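Residue-level listing of the chains:
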Amino acid sequence: MAKKKDELDPETMAVIEWCIEVEGFLVAGGATIAQAQEYIEDQIEFLTDQFYDGVSPEDAAKEALSD
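Everything numeric here is computed off the predicted structure, so don't read it as measured data.

Procedures and definitions
- Residues numbered from 1 in each chain as written.
- Predicted model: local features only at pLDDT ≥ 70, side-chain atom pairs only at ≥ 80, totals over all residues.
- Heavy atoms only, no water.
- Helix = DSSP H or I, 4+ residues; strand = E, 2+ residues; numbered from the N terminus.
- Contact = heavy atoms within 4.5 Å.
- Polar contact = N/O pair within 3.5 Å; in protein donor to acceptor, adjacent residues only side chain to side chain.
- Buried < 20%, exposed > 50% of the residue type's maximum accessible area, 1.4 Å probe, protein only.
- Arc of directions from axis to C-beta.

**Some remarks on the environment of Glu23**
Of note, Glu23 is situated in helix α1 (residues 10–28). Each C-alpha atom, one on Glu23 and one on Gln35, is 9.2 Å from the other, the two residues being 12 residues apart in sequence. Setting aside its immediate chain neighbours within four residues, Glu23 contacts Ile33, Ala36, Gln37 and Ile40. A polar contact of 3.3 Å, which involves the side chain of Glu23, links it to the side chain of Gln37.

Here it is as structure tokens:
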């Protein structure tokens, strides 16, 4: 059975879910939702590297907010 084109693999979904958690911590730290989303879009490669390096969403957000 072929996968639908719009289905994402589990690894991609894990990165997306991790970024959603980062977004929540960014907003809790004072960013607006729009600012948090823009940061994630602009820094997706860096954030993906952090995900694979085992950085927690909270620590990724703290680093972003400290810049």
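Let us keep going from here.
**A closer look at helix α4 (residues 57–66)**
Looking at α4, one finds that the buried residues are Pro57, Ala60, Ala61 and Ala64. Projected onto a plane normal to the axis of α4, the buried residues spread over an arc of 95° and lie on a single side. Elements in contact with the buried residues of α4: α1, α2 (33–42) and α3 (44–52).

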